[in-house]
Amino acid sequence: MFFPFGIKDVIDIVLVALMLYYIYRVMKESRSLNVFIGIMLFVILWLIVSQVLEMRLLGSILDKLVSVGVIGLIVLFQEDIRHFLYSLGAHRKVKSIIKLFTKTNKEEVDKEAIMPIVMACMSMSRGKVGALIVIERGVMLQDIVETGDLIDARINQRLIENIFFKNSPLHDGAMIISKRRIKAAGCILPVSHKQDIPKELGLRHRAAMGISQDSDALAIIVSEETGRISVAIHGEFQLRLSAEQLESILTKEMVLS
């Protein structure tokens, strides 16, 4: 006998295939591809034993392992699961749908807060002084702030340059800017493990990419080797920016609340 096969079954298969493909991509980026392959082999074995061969004893044992294994996988891959859920909620199409049902009063961008950042980056670029500035937006970065030294000062070009001065004890970490204030410096950021990051980009760029993947923050990087200015946002780089381009990005993407 043939099983009834309709349009719902086609949609079901397509959705499962898309889900598996996305999980495959996430596992590949987090260097857990072998774990994913092992899980798939175990699931296939479980289906063959319990559904095809109908082995009751072995099937019941595998059923228990699957139920316990789900909890173990959640604990083991909690960071990847959190990143998946965040990227799903932060998707631009999802945000555009949410905006249709919510009233948002967009605040005016404060030029007096943006220009000191732009001028400091241009000055450090000319002197080839490495810098990493993270601007908090919707997602709170208090856990990142606590890894550095608290400052809580107004945004000032001279202060930014002094913090990233080569002999400064805070120049190797990241500066966090939140609510028109420099909250902390010398902060530690999560490092991205994406395989497609160009090899000429250093650890600062990987850290900037990491925070842009884990949150909606905007990260500005000044390269110590080349002096070039880059921005990481939404898990993507915008490289070799001029002062006008940097100001335009900050004006478009950032609301300093």
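Procedures and definitions
Residues numbered from 1 in each chain as written. Predicted model: local features only at pLDDT ≥ 70, side-chain atom pairs only at ≥ 80, totals over all residues. Heavy atoms only, no water. Salt bridge = Lys/Arg side-chain N within 4 Å of Asp/Glu carboxyl O. Helix = DSSP H or I, 4+ residues; strand = E, 2+ residues; numbered from the N terminus. Buried < 20%, exposed > 50% of the residue type's maximum accessible area, 1.4 Å probe, protein only. Expected span 1.5 Å × (residues − 1). Contact = heavy atoms within 4.5 Å. Core = buried A, V, L, I, M, F, W, Y, C linked by side-chain atoms within 4.5 Å. pLDDT = per-residue confidence, 0-100.

*Asks:* Give a description of the pattern of salt bridges that names residues and reports values.
*Replies:* Tallied over the full model, the rule gives three salt bridges. In this structure, the salt-bridge partner of Asp152 is Lys183, at a minimum N-O distance of 3.7 Å. Of the two residues, Asp152 is situated in strand S2 (residues 149-154) and Lys183 in strand S4 (residues 181-187); the sequence distance between them amounts to 31 residues. For Asp152, a relative accessible area of 40% corresponds to the partly exposed category. Taking the relative accessible area as the measure of exposure, Lys183 reaches 27% and is therefore partly exposed. Between Glu224 and Arg204 there is a salt bridge, with the nearest N and O atoms lying 3.3 Å from each other. One end of the pair, Glu224, is in the loop between strand S5 (218-222) and strand S6 (229-233); the other, Arg204, is in helix H9 (residues 203-214), and 20 residues separate them in sequence. Classification of Glu224 by relative accessible area gives partly exposed; the value is 31%. In this structure Arg204 comes out as buried when scored by relative accessible area, which is 17%. Among the charged side chains, a salt-bridge network with shared partners connects Asp152, Arg181 and Lys183.

*Asks:* Now, about helix H6 (residues 111-126): what can you tell me, with residues and values included?
*Replies:* Helix length check: H6 (16 residues) gives 22 Å between terminal C-alpha atoms against 22 Å at 1.5 Å per residue, within 8%. Turning to H6, its buried residues are Ala113, Ile114, Pro116, Ile117, Val118, Ala120, Cys121, Met122, Met124 and Ser125. Those residues of H6 that are buried are in contact with strand S1 (131-135), helix H8 (157-163), strand S3 (174-178), S5, S6 and helix H10 (243-253). Looking one or two places after H6, you find Lys128, whose phi comes out positive at around 50°.

*Asks:* Can you tell me about the nonpolar core, naming the residues and giving the values?
*Replies:* Judged by nonpolar contacts, the single largest core of 31 residues is most densely connected at Ile117, Ile133, Ile160, Phe164, Ile220 and Leu250. Counting residues per element, this core draws most heavily on H6, at eight residues. Core analysis: the next-biggest nonpolar cluster, separate from the first, contains 21 residues, Ile144, Ala174, Ile211 and Ala217 among them.

*Asks:* Break down the environment of Leu150 for me, with residues and values.
*Replies:* Relative to the helices and strands, Leu150 resides in strand S2. Distance from Leu150 to Ala185, taken between C-alpha atoms, is 6.8 Å for residues 35 residues apart in sequence. Excluding anything up to four places from it in sequence, Leu150 contacts Val145, Lys183 and Ala184.

*Asks:* Give a detailed account of the side chain of Ser178, specifying residues and quantitative values.
*Replies:* Residue placement: Ser178 occurs in strand S3. Exposure remark for Ser178: the relative accessible area of 5% places this residue in the buried category. Dropping the residues within four chain positions of it, Ser178 is found in contact with Glu136 and Lys183.

*Asks:* Could you give me a rundown of H9, with the residues and numbers involved?
*Replies:* In a regular helix each residue adds 1.5 Å, so 12 residues correspond to 16 Å; H9 covers 16 Å between its end C-alpha atoms and thus fits that length. Of all 12 residues making up H9, nine are buried, and the element is well covered by its neighbours. Within the sequence span of H9, burial applies to Arg204, His205, Ala207, Ala208, Met209, Gly210, Ile211, Ser212 and Gln213.

*Asks:* Describe the confidence of the model for the protein, listing the residues and the values that go with them.
*Replies:* For the protein, per-residue confidence averages 79 on the pLDDT scale, and 79% of positions sit at 70 or higher. Note on residues 96-108: pLDDT is under 50 here. Beyond four places in sequence and across chains, it has six contacts.

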